[in-house]
Amino acid sequence: MSAAPPPLAADLTDGLKRLKMAAMRRLAPELLVTAKTQRWNPEEFLRTLVEAEITARDESNARTRMRTAAFPVAKRLEEFDLTASTIPRSTFDYLASLEWVRAAENVCLIGPAGTGKSHLLVALGVAAVEAGHRVRYFTAAELVETLYRALATIETLLRNDLIIVDELGFAPLDDTGAQLLFRFVAAAYERHSLGIGSHWPFESWGKFLPEHTTAVSLLDRLLHHCHTVITNGDSYRMRQARTRGGTATKTS
């Protein structure tokens, strides 16, 4: 078993700690031994330390962004089964490129329950986090409740590059909720990307938005720079349930 490398001098340790160079402070003792043994030049040693610090910070920032995104589950694009979806490959590939996030455009996934809307929205959000974007996930009810109770302001939420609003239309909104949702969409317009999931086609949004004018104004802003994706077919969960039922042993 090799001996532990000698510790850094106390002043160097204190200096790196003060500068919050945690990775450098952790790796420097061992790298100093390696540098002496392999006769690295000073530039090579310094570059290795700097790269280690950058990598550690990038990983820490990604973990923080993932945590604050508040995804309900972890989903990834490579787990999405395109063969069981009606989404064209070209559309999926474009969404996965995240070009629409960089362009501050919106994505609306419209279709029946169980056709992959939530899975794809979360997976796109995870991919955006990993690409360095700030993301926040809400159900529509959570978003309206957050704004209604002033748990966060619209401007605070719009510090994110992408805000996902899932399950829009699962429950009708009162006048206050509809106005809050409209103000949120209007504030995000042409500044930030929205990812919307709803089982209602656009012409039916009046069923959960109580005021026709509000619905029209909201859709006008939401759809101006928007990629609309229609998901059709049977529920994936129902197909799984039927499969399990068909293979289960029958009992009397």
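Residues numbered from 1 in each chain as written. Predicted model: local features only at pLDDT ≥ 70, side-chain atom pairs only at ≥ 80, totals over all residues. Heavy atoms only, no water.

Colleague: Help me get a handle on the sheet that holds strand S4 (residues 193-198), residues and values and all.
Modeller: In a beta sheet, neighbouring strands pair by backbone hydrogen bonds and run either parallel or antiparallel. Read from one edge to the other, the open sheet built from 5 strands follows the order S2-S3-S4-S1-S5, with strand pairing classed as parallel. At either margin of the open sheet sits one strand with a lone partner, and together these are strand S2 (135-139) and strand S5 (226-230). The mean angle between the axes of side-by-side strands here comes to 10°, regardless of whether they run parallel or antiparallel. The pairing of S2 with strand S3 (residues 162-166) spans 5 bridges and is parallel. Note on S3: the bridge partner recorded for Phe138 is Val165. (Pairing = 2+ DSSP bridges. Helix = DSSP H or I, 4+ residues; strand = E, 2+ residues; numbered from the N terminus. Axes fitted to C-alpha atoms, helices over the stretch in contact; angles between N-to-C directions.)

Colleague: Please provide a residue-by-residue account of the confidence of the model for the chain, values included.
Modeller: Counting all residues, the mean pLDDT for the chain is 89, and 91% of those residues have values of 70 or more. Within the model, pLDDT remains below 50 along residues 247-252, and this stretch shows 0 contacts once partners closer than five positions in the same chain are excluded. (pLDDT = per-residue confidence, 0-100. Contact = heavy atoms within 4.5 Å.)

Colleague: Before we move on, can you summarise the packing of aromatic side chains with the specific residues and values?
Modeller: In the structure shown here, the tally under the stated rule is 3 aromatic pairs. Ring centres of Phe80 and Phe92 lie 5.7 Å apart, and the angle between their planes is 15°; on these two criteria the pair is classed as stacked. Placement of the pair is Phe80 in the loop between helix H3 (42-69) and helix H4 (89-97) and Phe92 in helix H4, with a sequence separation of 12 residues. Each member of the pair, Phe80 as well as Phe92, is classed as buried. Relative to Phe208, the ring of Trp205 has its centre 5.4 Å away and its plane inclined at 50°; by these criteria the two rings are tilted. Taking relative accessible area as the criterion, Phe208 reaches 3% and is therefore assigned buried. We note Arg136 situated over the ring of Phe138; from NZ or CZ to the ring centre the distance is 4.1 Å. (Phe/Tyr/Trp six-rings, centres within 6.5 Å; stacked < 30°, edge-to-face > 60°. Buried < 20%, exposed > 50% of the residue type's maximum accessible area, 1.4 Å probe, protein only. Lys NZ or Arg CZ within 6 Å of the ring centre and 35° of its normal.)

Colleague: Pulling in residues and values, what's your account of the pattern of salt bridges?
Modeller: In the structure shown here, the tally under the stated rule is 8 salt bridges. Measuring nitrogen to oxygen at the nearest pair gives 3.2 Å for the salt bridge that ties Asp93 to Arg89. Here the residue Asp93 and the residue Arg89 both occupy positions in helix H4, the gap between them amounting to 4 residues, near one helical turn. Residue Asp93 is classed as partly exposed on the basis of its relative accessible area of 38%. We note a salt bridge from Glu145 to Arg149, for which the minimum N-O separation is 3.7 Å. Connected through shared salt-bridge partners, Arg76, Glu78 and Glu130 make up one network. (Salt bridge = Lys/Arg side-chain N within 4 Å of Asp/Glu carboxyl O.)

Colleague: Give a description of the layout of surface pockets that names residues and reports values.
Modeller: Computed from the structure, the second largest pocket encloses a volume of approximately 200 Å³. Forming the walls of the second largest pocket are 13 residues, and the residues nearest its centre are Ala140, Ala141, Val144, Pro172 and Leu173. Sorting elements by how many residues they give to the lining of the second largest pocket places helix H7 (residues 140-148) first, with 5 residues. Split by residue class, the lining of the second largest pocket holds 8 nonpolar, 2 polar and 3 charged. (1 Å grid on protein atoms, 1.4 Å probe; cavity = no way out; pocket = protein on both sides within 12 Å on 5 of 7 lines; lining within 4 Å. Points joined across faces, edges and corners; volume = space filled by probe spheres on them. Nonpolar A, V, L, I, M, F, W, Y, C, P; charged D, E, K, R; others polar.)

Colleague: Can you explain the nonpolar core? Please cite residues and give values.
Modeller: What tends to happen in soluble globular proteins is that the nonpolar side chains get buried as a cluster. Formed by 33 residues in total, the largest nonpolar core has its most connected members in Phe184 and Trp205. Here the element with the most residues in this core is helix H9 (residues 175-188); it accounts for 8 residues. What Phe184 contacts, discounting residues up to four positions off in sequence, is Leu143, Leu147, Ile154, Leu157, Leu158, Ile163, Val165 and Leu194. Grouped together as the second largest cluster of nonpolar side chains are 27 residues, Ala69, Phe92, Leu121 and Val122 included. (Core = buried A, V, L, I, M, F, W, Y, C linked by side-chain atoms within 4.5 Å.)

Colleague: Give me the lowdown on unusual backbone geometry, citing residues and values where you can.
Modeller: In this structure, Arg39 is a non-glycine residue whose phi angle is positive, near 55°. Looking at the element boundaries, Arg39 is found in the loop between helix H2 (22-38) and H3. Of note in the backbone geometry, Leu98 takes a positive phi value of approximately 65° without being a glycine. Within the element layout of this structure, Leu98 appears in the loop between H4 and helix H5 (99-102).

Colleague: Give me the environment of Leu157: which residues, what numbers.
Modeller: Summarising the element assignment, Leu157 is placed in helix H8 (residues 154-157). Taking relative accessible area as the criterion, Leu157 reaches 5% and is therefore assigned buried.

Colleague: Help me get a handle on a nonpolar patch on the surface, residues and values and all.
Modeller: There is a patch of nonpolar side chains on the surface, built from Leu46, Val50 and Ile54 and spanning about 250 Å² of accessible area. One can find Val50 in helix H3. A relative accessible area of 34% places Val50 in the partly exposed class. (Patch = residues over 30% accessible without salt bridge, like charges linked within 9 Å, V, L, I, M, F, W, Y side chains within 5 Å. Areas by Shrake-Rupley, 256 points an atom, 1.4 Å probe, with all protein chains shown as cover.)

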